[in-house]
Structures are given as structure tokens and as C-alpha cells.
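Now for the letters of each chain:
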Amino acid sequence: MNSPSIDTTSIRNQFPSLERKHNNLPMVYMDGPAGTQVPQSVIDSITHYYKNSNANSHGTFITTNETDQVIHHMRVCMAALLGAESEDCISIGQNMTSLNFSLSRAISRVLKAGDEVLITQLDHEANRGPWLTLREVGVRVREANLLPNGQLDYDDFAKKMNENTRLVCMGMSANSIGTVNNFKLIRELTYRYNAWLLLDAVHYAPHFSINVAAIGCDFLLCSAYKFYGPHVGILYSKPGLLDRLPTDRLRTAGQVAPESIETGTLNHAAIAGVSAAVEFIAGVGSGNTRREKLVDAYHKISAHEYLLASKLYAGLRKIPGVTVIGQDFATTNRTPTLSFTLEGKTPTQVCEQLASKNICAWDGHFYAIHAIEVLGLLEKGGVTRLGISVYNSLEEVDFVLAEIEKIAR
Ligand SMILES: Cc1ncc(COP(=O)(O)O)c(C=O)c1O
């Protein structure tokens, strides 16, 4: 059955991995928050690069010229996806974590002892660990608290900011429990203290459209493998900002954005795949420009995902022994990522039983270990996480709910 916003059948037909059978049963991918499946166009784009244009960059011959174009085109596509001012705002890395570590090293060189950086208890470690290392150079790293309801404590945020705050690092949404954070409110606070705002959009970018220029964030990071692309990390930095930061660089590299934070040879084939992933998303929408198509596509994708996740949420709440963690799905804006516990079973046991039916779901803390700890769930093995992606169907939601009911019996 198709959902009203998108043609699920046509979307699903584009993902070859959905055709896979294991033990004669179809695969049900609810592991999107850990990495989505990729459409054929992404696979084709990677293959095309290796067949035709495989070379290093910045040379004189055809394949190196094409490689330069592949990299440039990806920056153009990502600038459209993020609403960035230009492609020069888009830097490329191995993954979000490595880029954030590189950025934290550069920023540590411009901060001084007594400066403050604010992180959150809700964030993935990739947006905590790199900033905690700044303590080594005398920077005070503080954390905004997470409330038991799964929301960040915005009063605590305000209390922990002052004229020494140089940088606030927060997620746009939580990969562990799906909370969407009020980053607009925090932007206002950072303006008050003239602090930079860094957003982790890794879990947000697959589900909602982003407009970095409108948000006014200074840095934003995301990962293409969470939005139907290959394993590549992306950093947006505000025009003129990265050029001023002393990044780790070889003598041969200039201090000019976007390359100044990119070290060594990039994964060119995967970069070709990122552009195809952006075009795949744009293909779900309509409009005159790539940006318009992307914005429209995200409306459709989030409507589809909301429909499925609402059904999943309502169904889970009816199963005896199930507790859905975090905010009420019906009344708050959340990502379609639902984490729950089941009385009498560990999350690993639940996931093992789901895996026996080819349902791909994750258990544990998903590197948001501090959030799961603060919520008192770490010693219980964390949570079971089900994530809805564009290719999931209502039938799959029914199937997953029926299997969880059986596990709960
Ligand atoms: C919210 C969030 N931030 C950061 C990361 C780290 O991303 P990467 O694997 O690209 O380093 C993840 C990965 O799961 C994530 O979900």
C-alpha cells in the first residue's frame, strides 16, 4: 500500500537490497539511523566513476579533470541540500567523527584557558568526545542537562552560557531517542554571547530539510550514509570562517576553505555516490531548481515517515511490557526513530528475535552512551531502536509490530 505523500512502490523499486531474501524471508530494514540502504543510482554513480574517471585530483589529463568535477559537483549538491551560501562552504571527510575531531583541534588553537564550550548530555559521542579534549588546553567544557522526558533542559542551557562561552555544540535531533532539539532558541542565546554554534545534523538530515543560512549556524556536520549515500562525512562552515582556523595541514595545502580541513586523498568514488544520493532525494520532490525539489522532497519524505512512525508508536504503546522512551510522538516534533524497552527481555534478546525474522534493528546506546546512561538505561543494556526510512512500508510496520507482540507474549 502506498502512503499518500510518496509512491512507496516506485521508491522501493530503486533499492536493490530490498529484493534480498534470507532464509526465504524478505529483509526489513529498520536500521536506518545506523545507516540507510542505497538506491541503484548511487551504486551506478560509484561504478561509473571507477570505470571512467578513476584518478587523483588536480592534474592535467581527462580522468583527473573529471575527478575534480566529481568533487566540485558533490559540493554543489550538498550546498543545495543544506541551503548553504556556496559550494565553498562544503568540506569533505572520512566521516562526521573525524571531521569533528579535526575541527576541534583547529578550534583548540584559537581558544584560550578560561574560554568555555558547551556540549549536551543528549548528544552522540561524536559531538562530545572531540570537544571534551579541549580540557587539555584549559578550556572549560560544560554540559547542558538532559531531562527524564528526553528533552534538553533549556533553562540549564541558558544558565551555563555566559560571556566566556565561545562555542555551543549540539545535535539537531537525537539518534538515540528521536528528540528534535530547539536549535533556534540556542542560536538566539549564542548570538547574545557572540559564541559559535555547531550543529550535528547526522540524524536530522535524512528526515527534514535544512537551511543553514536561515538557521545562521557556524558549523554543521552530517554523514551521507544516513541519507541513502555512501560513507562520507560532510562539514558546512559559514563563509570565511574555516579560512581563519589553523587546521592540521601539510606544507602543500593552503589555508583556504573548503579544502583546508581535508587531508590526503579523498574517497572520490564515494563522493560521486553522495551527489547521486542528493539527486535521489531531489527526485522525490518537484520544483524548478535542485533546492526547490529537495525542500519539496523532504516535506513528502517526512510526511511518509511520520505516518509510519505514528502507527509504529501507537502499536508499540499497546504491547504489554513495552515502554517507548522519550517524548510523546503524537504531540511533539520527533524524528521517526523509536526506542523502547520490553519488560523481561534485554534489547539484545529483542533484536536477536527480530533478526530471526530478518528485521534489522539495533540494540544498545548507539554511541549516545551518556544520554542512555542519564536516562538510567545503560545497565539494562540500553534500548531497542526502530528507525523509519523513506523505503519502509506500512506493511513492514504491521509485520514488525506483530513480531514484537509475539516476543512480548
Ligand atoms: C547523531 C550522530 N552524530 C554523529 C554520528 C557519527 O557519524 P559518523 O559515523 O559519520 O562519524 C552518528 C552516527 O551514528 C550519529 O547518529
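Residues numbered from 1 in each chain as written. Predicted model: local features only at pLDDT ≥ 70, side-chain atom pairs only at ≥ 80, totals over all residues. Heavy atoms only, no water.

**A closer look at the pattern of salt bridges**
This is how it is decided: Salt bridges are counted wherever a side-chain nitrogen of Lys or Arg sits within 4 Å of a carboxyl oxygen of Asp or Glu. Each helix is a run of DSSP H or I of at least 4 residues and each strand a run of E of at least 2, with the numbering of both proceeding from the N terminus. For every residue, the accessible area (1.4 Å probe, protein chains only) is compared with the maximum for its type, and the residue is labelled buried under 20%, exposed over 50%, or partly exposed between those bounds.
In total, this model carries 16 salt bridges according to the counting rule given. Across the pair Glu-116 and Arg-140 runs a salt bridge whose closest N-O atoms are separated by 3.3 Å. A residue pair is termed long-range when its members are at least 10 positions apart, and Glu-116 in strand β5 (residues 116–120) and Arg-140 in strand β6 (residues 140–144) qualify at 24 residues. Among the ionic pairs, Arg-128 bridges to Glu-125, the shortest N-O distance being 2.8 Å. Owing to a relative accessible area of 25%, Glu-125 belongs among the partly exposed residues under this scheme. Counted as one network, the salt bridges with shared partners bring together Arg-105, Arg-109 and Asp-248.

**Details of the packing of aromatic side chains**
What counts is decided by this rule: Each pair of aromatic rings taken from Phe, Tyr and Trp, with Trp reduced to its six-membered ring, is defined by centres within 6.5 Å and is described as stacked if the planes are under 30 degrees apart, edge-to-face if over 60, and tilted in the remaining cases. A ring has a charge above it when a Lys NZ or an Arg CZ is no more than 6 Å from the ring centre and no more than 35 degrees off the ring normal.
As enumerated under the stated definition, the model contains 12 aromatic pairs in all. When the ring of Tyr-306 is compared with that of Phe-329, the centres are 5.3 Å apart and the planes differ by 20 degrees; the resulting orientation is stacked. On the criterion of sequence distance, the pair formed by Tyr-306 in helix α10 (residues 290–318) and Phe-329 in the loop between β11 (322–324) and β12 (337–342) is long-range, its members being 23 residues apart. Feature note: the residues Phe-15, Tyr-228, Phe-280 and Tyr-391 constitute an aromatic cluster, connected by ring pairs. It is Arg-187 that lies over the ring of Tyr-191; its NZ or CZ is 4.0 Å from the centre.

**Here we look at the side chain of Thr-36**
Test applied: A 3.5 Å cut-off defines polar contacts: any pair of N or O atoms within that distance qualifies, except that in protein one atom must be a possible hydrogen donor and the other a possible acceptor, and neighbouring residues in sequence count only when both atoms are side-chain atoms. Contacts: residue pairs with any heavy atoms within 4.5 Å of one another.
Of note, Thr-36 is situated in the loop between β3 (28–29) and α2 (40–53). In this structure Thr-36 comes out as buried when scored by relative accessible area, which is 11%. One polar contact links the side chain of Thr-36 to the main-chain amide nitrogen of Tyr-228, over a distance of 2.8 Å. The residues touching Thr-36, leaving out its near neighbours within four places in the chain, are Tyr-225, Lys-226, Phe-227, Tyr-228, Ser-389 and Tyr-391.

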